[in-house]
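Structural overview for review
What follows is the residue order along each chain.
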Amino acid sequence: MHRFLLTPRWWGINVFVALAVPVCLFMGTWQLGRFEDRVDSHKEAAGARPADQTAAPLDSLLPVDKKTSGRLASVSGEYADQLLVPERRLDGKSGFYVLTLLRTDTGKAVPVVRGWLPGAADAARAPAAPTGRVEVTGALQASESAGSKGVYASGGLPAGQLGVIGAASLVNLVPYGLYDAWLTVQTPADGLTPVPAQAPSNTGLDLKAFQNLGYTGEWFVFAAFVLFMWFRLYRREVETLRDAEAGLLPEPADRSTEPAPAPATASARPAE
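The structure contained in this document is the topic of the report that follows. (Residues numbered from 1 in each chain as written. Predicted model: local features only at pLDDT ≥ 70, side-chain atom pairs only at ≥ 80, totals over all residues. Heavy atoms only, no water.)

**Considering the overall build of the chain**
- Broken down by element type, the chain carries three helices and six strands.
- When the helices and strands of the chain are placed in sequence order, the string is α-β-β-β-β-β-α-β-α.
- Burial statistics for the chain: of 272 residues in total, 33% are counted as buried.
- Entry remark: accessible area of the chain is about 17200 Å², with carbon and sulfur atoms responsible for 58%. (Helix = DSSP H or I, 4+ residues; strand = E, 2+ residues; numbered from the N terminus. Buried < 20%, exposed > 50% of the residue type's maximum accessible area, 1.4 Å probe, protein only. Areas by Shrake-Rupley, 256 points an atom, 1.4 Å probe, with all protein chains shown as cover.)

**Comments concerning the packing of aromatic side chains**
- Under the definition given, this model contains four aromatic pairs.
- The interplanar angle of 90° and the centroid separation of 6.2 Å between the aromatic rings of W10 and W230 together place this pair among those described as edge-to-face. You can see W10 sitting in helix 1 (residues 8–46) and its partner W230 sitting in helix 3 (residues 207–245), a full 220 residues away along the chain.
- Judged by relative accessible area, which is 1%, W10 ranks as buried.
- W230 gets classed as partly exposed once you look at its relative accessible area, which sits at 25%.
- Relative to Y234, the ring of W230 has its centre 5.4 Å away and its plane inclined at 5°; by these criteria the two rings are stacked. (Phe/Tyr/Trp six-rings, centres within 6.5 Å; stacked < 30°, edge-to-face > 60°.)

**Observations concerning the pattern of salt bridges**
- This structure, assessed with the given rule, holds four salt bridges.
- E237 is the salt-bridge partner of R9, the closest N and O atoms lying 3.5 Å from each other. Pair noted here: R9 is in helix 1 and E237 is in helix 3, with a separation of 228 residues, a long-range link.
- According to the relative accessible area criterion, R9 is partly exposed, its value standing at 48%.
- Residue E144 pairs with R88 through a salt bridge whose shortest N-O separation is 2.8 Å. You can see E144 sitting in the loop between strand 5 (133–142) and helix 2 (167–170) and its partner R88 sitting in strand 2 (residues 72–90), a full 56 residues away along the chain.
- Since its relative accessible area comes to 11%, E144 is described here as buried. (Salt bridge = Lys/Arg side-chain N within 4 Å of Asp/Glu carboxyl O.)

**Comments concerning unusual backbone geometry**
- Looking along the chain, the bond that leaves L62 and enters P63 is cis, with omega of -5°.
- Mapped onto the elements, P63 comes out in the loop between strand 1 (56–57) and strand 2.
- Phi at D91 takes a positive value of approximately 55°, unusual for a residue other than glycine.
- Turning to its location among the elements, D91 is positioned in the loop between strand 2 and strand 3 (93–104).

**Side note on the side chain of T68**
- Within the secondary structure layout, T68 lies in the loop between strand 1 and strand 2.
- From its side chain, T68 meets the backbone oxygen of L61 in a polar contact 3.4 Å long. (Polar contact = N/O pair within 3.5 Å; in protein donor to acceptor, adjacent residues only side chain to side chain.)

**Overview of a nonpolar patch on the surface**
- A cluster of nonpolar residues, L6, W11, V15 and L19, forms a patch on the protein surface that exposes about 450 Å² of accessible area.
- Tracing the sequence through the fold places V15 in helix 1. (Patch = residues over 30% accessible without salt bridge, like charges linked within 9 Å, V, L, I, M, F, W, Y side chains within 5 Å.)

Note that all results are geometric; they support no functional claim without further evidence.
So this is what it looks like as structure tokens:
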């Protein structure tokens, strides 16, 4: 009864199933691995830093990656240009960052967010940075981009304001070199509210992470659907053969018993 599995038609079906199921399982497993990687990155980024962590020199933590993002970095130099970063939210309130560029001994400058103030950006409300040589310790952050969460990327800001914190947006505003990173001071003075360090990009349980989880389910469903359709076709084939053996299928009409069609007769021509 199962010899039909060796027919060319079923050979094609079996080969397709044998290839499709492993591919679906592999893709589902790969997507699940991607989701688990994002979960691990999220846990690592959200994990609390040790309370007794000592600050490391800034240059030793560059370039910023998942491990160094949020680490305490120390650097010395003199404060230079000060800018305001508008429309930044903190604790559900809208306000602005006070950002001052710190020129280091290397000649390059690192942006330092000295704190946050509520309300619209106003240079008169921003306290002036300390003068002279200072030692700054802050949480290390990667440069922002236009796609970073919370940035003001529309442009058209007045002079003295900055929408995106990064070397690419500062290079045309200052005449000196820049570090591709920035610091946020965790113990600000002058009434400023500290800006907490943000998790590095692609480490949160965002839409992409749940897309990976959704794709995992889709691939496993595809594998189950292929097996289900194979079993359904197999069962229908077996039932058809059993019905034929039991004589339950209607027999095809015997054309030999059908009356032969009448021969065509030529029309008689009138005698001349």
